[in-house]
Amino acid sequence: MADTIIVRVQSPDGMKKIASTKRDTATAFLKKVAKEFGLNSEFSVYLNRNKTEELLSQNKTLSLLKIKHGDMLYLVPSGSPSTSGEVMDTATPHTSSSLPSVSTASSSSSSSMIPRSFSAPQVQEDEIDQYLSKQDGKIYRNKDPQLCHHGSLGKCVHCVPLEPFDEDYLNHLDPPVKHMSFHAYLRKLTGGADKGKFAALENLSCKIKSGCEGHPPWPEGICTKCQPSALTLNRQKYRHVDNIMFENHTIADHFLDFWRKTGSQRMGYLYGRFTEKKDIPLGIRAEVAAIYEPPQNASQNSLELVDDPKAAAAVDEIAAKLGLTKVGWIFSDLLSEDTRIGTVRYTRNNDSHYLSAEECITAGYFQNLHSNPCRLSRDGHFGSKFVTVVATGGPDNQVHFEGYQVSNQCMALVRDECLLPCKDAPELGYAKESSSEQYVPDVFFKDKDKFGNDVTFLARPLPVEYLIIDITTTFPKDPQYTFSSTQRFPIENRDILGETQNFHSLATYLSQSTSTSFLDIVSDFHLLLFLVTNEVMPLRDSIGLLLDAVRTSDEDLAQTWKKSEQWATIEQLCSTVGGQPSSSQGYGAMGGPSAPLLLGHVVLPPLHLYEPARHRAL
């Protein structure tokens, strides 16, 4: 036993401890390393971090090679990319409507470096992530006339550029920024002398690791190798999206019209694009250009989604051709207080909740469906940019739009079916207990007792405030319009209001249009959806040219498509049905059988099912 030694081996995937003996040869030791790391390809092991003194396969013992108990060796897989990093480019920032092309050539600027030791070449990151990864990101400050006593070319502690993750700077912004941006967090993670050589983003897992053969499967057996670690919830210090901006008030007004006319709640998917948020270092903004309202059954207190896979796929396809992507979802939780002056109740506040546990689970479900591609994660994804917007009453009893995301820890709990809502307390969640069907690790959170001491509590129940990240939601001073039509085409799936998408409504829309520009007439998101999804003459395979015209605002391209046979047929159909009354049984575009959304085996009341909790009048 005296000859037994433990040698630490550091690799890009982490550190492992290799049990060996002083009499083991270098060849035998390298075989143990390969087995422990699961390596089938060639690799090199070095005695020093700077890749000097390689440990070669030979018959010399570890004792002769002066490898002692507790020594650290460094493993480098064969063909791994250089760890010198990729230099960020300091190109001119993009406009709000487009991003510059991403170049793979490195810049000569002395900007921050992101390591390549964990890069996944097969992962195609979002365009905004590629752009921000090449930016300098530092916060430049002017020379202080009172504190700086150096020349114009010099720098001191009072004017040297700050890192994008500088907490003191973020806290002194107006308003203060509680969460650093995700790319600022990456700079912090990959900073330092080693430039984040061994840094990696790990996705949490609450499931038992598969492939453990030393014991029977759960519930008959479990061991420390396959058992997931206990989870202590922390408030996330960064966020993947720093701001949500609706392009104009019209988008929100059209969404709220459903509640104004029926008193029932409404849900929709937000389509837009991710751009740079310049007020926050390396920040990301979700710009909303349109809202698609899927089939749903609504009441004053509940929402139930209707299964609609065909139309949902068509919407995503059309949005992609328009240069848009699904950036989030929105739902209303509104109760009228005084109909004479148009006020609403202020129900979501410190005394009740901002997001209920059910809504957090729904948000986590959606965020897991729309994970964020990331080359610094071995899984190829980390977190999500998918946002949640709530239309609810504010302190002034007017309608406010509040933006949120849930933390990566919440995403893991939802994905692995470990989180449940509480029946009569919407502000509380509940970590499931282990059963014969599922092992659930212990989940804890920290809070202060009545004496001000930090105390650890078991998350049964769990305040959902530990899972929520708030995001500012804004409207621009100068409205922007991706879709320039001044007319309003009926919104899909609103048959209950008598707003039906059919060729009669299309004929009415075209006859009432006052614009002489064909591009302005057809530049309506809901009209384009109808042209693609209607059952009489769907234009899914022939509308590409028109979508390109709307995306690029090209009137000539739109006029070219107007001369096509497809549009001539559409006009003929409109003239045929133009005198007929609108009917919900006409040329409907979308629909499907009602089915509740299931989150794993967690079945929530309808929305999937989201049901806003009601409280006493405040």
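Residues numbered from 1 in each chain as written. Predicted model: local features only at pLDDT ≥ 70, side-chain atom pairs only at ≥ 80, totals over all residues. Heavy atoms only, no water.

Looking at an unreviewed UniProt entry, one finds the chain named Nuclear protein localization protein 4 homolog, with Dissostichus mawsoni as its source organism. According to its UniProt record, the chain has this under Pathway (unreviewed entry): "Protein degradation; proteasomal ubiquitin-dependent pathway." The heading Sequence similarities (unreviewed entry) in the UniProt record of the chain holds the text "Belongs to the NPL4 family." (UniProt positions renumbered as here; feature names shortened; annotations may be inferred.)

Caption draft 1: Up close: the overall build of the chain. Across its full length, the chain carries 14 helices and 27 strands. Within the chain, the proportion of its 618 residues that are buried is 47%. Put simply, 71% of the contacts in the chain that link residues at least 6 apart link residues at least 24 apart. Only carbon and sulfur atoms are counted for the fraction: they give 50% of the accessible area of the chain, which is about 30400 Å². (Helix = DSSP H or I, 4+ residues; strand = E, 2+ residues; numbered from the N terminus. Buried < 20%, exposed > 50% of the residue type's maximum accessible area, 1.4 Å probe, protein only. Contact = heavy atoms within 4.5 Å. Areas by Shrake-Rupley, 256 points an atom, 1.4 Å probe, with all protein chains shown as cover.)

Caption draft 2: Region of interest: the sheet that holds strand β22 (residues 419–421). Within the open sheet, the three strands sit side by side as β22-β23-β26. Their pairing is antiparallel. Since the sheet does not close on itself, it has two edges, and those belong to β22 and β26 (462–463), each with one partner. In this fold helix α7 (residues 357–369) packs onto β22 and β23 (428–431), with an angle of close to 140° to the strand it touches most, β22. (Pairing = 2+ DSSP bridges. Axes fitted to C-alpha atoms, helices over the stretch in contact; angles between N-to-C directions.)

Caption draft 3: Broad picture of the pattern of salt bridges. For the coordinates displayed, the defined rule picks out 30 salt bridges. Among the salt bridges present, the one from Lys68 reaches Asp71, with a minimum N-O distance of 3.9 Å. With its nearest N and O atoms 4.0 Å apart, the salt bridge here joins Glu499 to Arg494. The exposure class assigned to Arg494 is buried, which follows from its relative accessible area of 0%. Three or more residues joined by partner-sharing salt bridges are found here, namely Asp253, Asp257, Arg260, Lys261, Arg266, Glu293, Arg488, Arg494 and Glu499. (Salt bridge = Lys/Arg side-chain N within 4 Å of Asp/Glu carboxyl O.)

Caption draft 4: Focus on the pairing of strand β21 (residues 399–406). Two strands pair when backbone bridges link them, and strand β20 (residues 387–393) and β21 are joined in this way by six bridges, in the antiparallel orientation. Note on β21: the bridge partner recorded for Ala391 is Phe401. Between the end of β20 and the start of β21, which pair antiparallel, lie five residues, with Asn397 showing a positive phi angle near 60°. Relative to strand β27 (residues 468–474), β21 runs antiparallel, the two being bridged by four bridges. Counted as the bridge partner of Val406 is Ile468 from β27.

Caption draft 5: Seen up close, helix α14 (residues 565–577). In this model, α14 (13 residues) spans 19 Å end to end at C-alpha, consistent with the 18 Å of a helix rising 1.5 Å per residue. Burial in α14 covers these residues: Trp567, Ile570, Cys574 and Val577. Seen along its axis, α14 keeps its buried residues to an arc of 95°; they face one direction. Turned more than 90 degrees away from the buried face of α14, the exposed residues are Glu565, Gln572, Ser575 and Thr576. (Expected span 1.5 Å × (residues − 1). Arc of directions from axis to C-beta.)

Caption draft 6: Examining the sheet that holds strand β4 (residues 72–77) more closely. Spatially, β2-β1-β4-β3 is the arrangement adopted by the four strands of the open sheet, whose pairing is mixed. Unpaired on one side and paired on the other, β2 (14–21) and β3 (43–46) mark the two borders of the sheet. Between one strand axis and the next, the sheet turns through 30° on average, direction left out of account. The sheet contacts of helix α1 (residues 26–37) involve β1 (4–11), β2, β3 and β4, and relative to β2 the element is tilted by about 140°.

Caption draft 7: Summary view of the packing of helix α9 (residues 503–512) against α14. Between α9 and α14, whose axes approach to 8 Å, the crossing angle comes to 100°. By the angle between their directions, the pair α9 and α14 is classed as roughly perpendicular. Where α9 abuts α14, its residues Phe503, His504, Leu506, Ala507 and Leu510 lie against Trp567, Ile570, Leu573, Cys574 and Val577. The residue makeup of the contact of α9 with α14, split by class, is nine nonpolar, one polar and no charged. (Parallel < 35°, antiparallel > 145°, perpendicular 65-115°, else oblique. Nonpolar A, V, L, I, M, F, W, Y, C, P; charged D, E, K, R; others polar.)

Caption draft 8: Local environment of the side chain of Gln438. Along the polypeptide, Gln438 turns up in the loop between β23 and β24 (443–448). Separated by 2.8 Å, the side chains of Gln438 and Lys432 make a polar contact. (Polar contact = N/O pair within 3.5 Å; in protein donor to acceptor, adjacent residues only side chain to side chain.)

Caption draft 9: Region of interest: the packing of aromatic side chains. For the structure on display, the rule yields 21 aromatic pairs. Ring geometry for Tyr269 and Phe366: centres 5.9 Å apart, planes at 85°, overall edge-to-face. Note that Tyr269 is positioned in strand β11 (residues 267–277) and Phe366 in helix α7, a separation of 97 residues in sequence. For the pair shown, Tyr269 and Phe366 are each scored as buried. The rings of Tyr269, Trp329, Phe331, Tyr365, Phe366 and Phe386 are connected pair by pair, giving a single aromatic cluster. Above the plane of the ring of Phe258 lies Arg266, whose end atom (NZ or CZ) is 4.2 Å from the centre. (Phe/Tyr/Trp six-rings, centres within 6.5 Å; stacked < 30°, edge-to-face > 60°. Lys NZ or Arg CZ within 6 Å of the ring centre and 35° of its normal.)

Caption draft 10: A look at the environment of Thr533. Relative to the helices and strands, Thr533 is located in helix α11 (residues 525–533). Thr533 sits in the buried class, given a relative accessible area of 13%. Sequence separation of Thr533 and Lys310 is 223 residues, and the distance between their C-alpha atoms is 9.1 Å. Looking at Thr533, its side chain comes within polar contact range of the main-chain oxygen of Leu529, at 2.7 Å.

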